[in-house]
Amino acid sequence: MKKISRFGLPLMMLTLLLACSARESGKGAGSSQRLELHKHGIILDARYDPRLDNLIPGYKMITVAVTNNSIDILRLNPLKDKWEITDAMGRKRKAINSIRIKDPSLFGRLPQKVQQLIDYPVGISVGYSETIDLFFPNNHDLNAFRSIGYYNSELGTDFNMMSNLESPTHVPANQSAAGPAPETDPRFRK
């Protein structure tokens, strides 16, 4: 019993400290979206973390975890696959999926370990996940992105995930088109 109380209290304090720090670090730490495509056996988890800005000089990143739960290898092609986001203001922003192709001189100056981490994969085996880094010029605002779209050239399929547009961090794409709220609009009165 003495052993339990001697180790229990520090363990409990450590757990509470970690929980508090995890909750605090989540504040203002960017945006994230999840899309499960059961028909295709693919799960996409996209996240923007502003702490990664300029990790690759001149670029911001959105990290997408792609999980392949299908019955075949998910083939990827850095030349033909297309990624884009819709930012908080409703503007479409095309992503760069391969710095190796877009900016080979910058890619060559990066440490080899970083090159391996950010390089666009050519496939994802069944039952595995792979992280894909999407790059945008530094002048793009990626906070509170509304949606992310992905075209897989091998499947010839578009995948789009929308975020929660009712969130207070999202701005309507066309403020005038938003219209009055139902409670103030005379058309909705009884």
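### As for unusual backbone geometry
The phi angle of most residues is negative, glycine excepted, and most peptide bonds adopt the trans form. Of note, the phi angle at Asn-54 is positive, near 65°, even though the residue is not glycine. Relative to the helices and strands, Asn-54 resides in the loop between β2 (42–48) and β3 (59–68). Positive phi outside glycine occurs at Ala-144, with the angle close to 55°. By the secondary structure assignment, Ala-144 is in the loop between β8 (129–137) and β9 (147–152).

### Here we look at the nonpolar core
Of all hydrophobic cores here, the largest spans 23 residues; its most connected members are Leu-44, Ile-62, Val-64, Val-66, Trp-83, Leu-134 and Ile-148. Contributions of two or more residues to this core are made by β2, β3, β5 (82–86), β8, β9 and β10 (157–162). If you tally residues by element for this core, the top one is β2, at 4 residues. Tyr-59, Leu-110, Ile-118 and Phe-135 belong to the second largest nonpolar core, which has 10 residues in total.

### Re the pattern of salt bridges
This structure, assessed with the given rule, holds 6 salt bridges. Put simply, Asp-49 and Arg-51 hold a salt bridge, and the shortest N to O gap is 2.6 Å.

### A short note on the packing of aromatic side chains
Under the counting rule described, the total for this entry stands at 3 aromatic pairs. Arranged with centres 4.0 Å apart and planes meeting at 20°, the rings of Trp-83 and Tyr-150 form a pair that is stacked. Taken as a pair, Trp-83 in strand β5 and Tyr-150 in strand β9 lie far apart in primary sequence, 67 residues in all. Accessibility classification places Trp-83 together with Tyr-150 in one group, the buried group. Seen in terms of ring centroids, Tyr-150 and Phe-159 are 5.7 Å apart; in terms of plane orientation they differ by 25°. Their pairing is stacked. Of the two residues examined, Tyr-150 and Phe-159, each falls in the buried class.

### Quick look at the confidence of the model for the protein
Overall, the predicted model of the protein reaches an average pLDDT of 74, with 64% of residues at or above 70. Within the model, pLDDT remains below 50 along residues 1–5, and this stretch shows 1 contact once partners closer than five positions in the same chain are excluded. Note on residues 164–190: pLDDT under 50 across the span, and 20 contacts to partners over four residues away in sequence or across chains.

### Some thoughts on the environment of Leu-52
Note on placement: Leu-52 falls in the loop between β2 and β3. Residues within four places of Leu-52 in sequence aside, it is in contact with Met-61 and Thr-63.

### As for the side chain of Thr-157
In this fold, Thr-157 is placed in strand β10. Judged by its relative accessible area of 18%, Thr-157 is buried. Separated by 3.2 Å, the side chain of Thr-157 and the backbone oxygen of Leu-155 make a polar contact.

### Digging into the side chain of Thr-86
Within the element layout of this structure, Thr-86 appears in strand β5. In this structure Thr-86 comes out as buried when scored by relative accessible area, which is 10%. A polar contact of 3.5 Å, which involves the side chain of Thr-86, links it to the side chain of Lys-92. Look past the residues within four positions of Thr-86 in its chain and what remains in contact with it is Arg-91, Lys-92, Phe-145, Arg-146 and Ser-147.

### What about the pairing of β5?
Two strands pair when backbone bridges link them, and β5 and β9 are joined in this way by 5 bridges, in the antiparallel orientation. When the sheet's bridge partners are listed, Trp-83 is paired in β9 with Tyr-150. With 3 bridges joining them, β5 and strand β6 (residues 92–94) adopt antiparallel strand pairing. Looking at β6, one finds that Ile-85 is bridged to Arg-93. Where β5 folds back on β6, the antiparallel hairpin that results is connected by 5 residues, among which Gly-90 adopts a positive phi of roughly 90°.

Cut-offs and rules
Residues numbered from 1 in each chain as written. Predicted model: local features only at pLDDT ≥ 70, side-chain atom pairs only at ≥ 80, totals over all residues. Heavy atoms only, no water. Helix = DSSP H or I, 4+ residues; strand = E, 2+ residues; numbered from the N terminus. Core = buried A, V, L, I, M, F, W, Y, C linked by side-chain atoms within 4.5 Å. Buried < 20%, exposed > 50% of the residue type's maximum accessible area, 1.4 Å probe, protein only. Salt bridge = Lys/Arg side-chain N within 4 Å of Asp/Glu carboxyl O. Phe/Tyr/Trp six-rings, centres within 6.5 Å; stacked < 30°, edge-to-face > 60°. pLDDT = per-residue confidence, 0-100. Contact = heavy atoms within 4.5 Å. Polar contact = N/O pair within 3.5 Å; in protein donor to acceptor, adjacent residues only side chain to side chain. Pairing = 2+ DSSP bridges.

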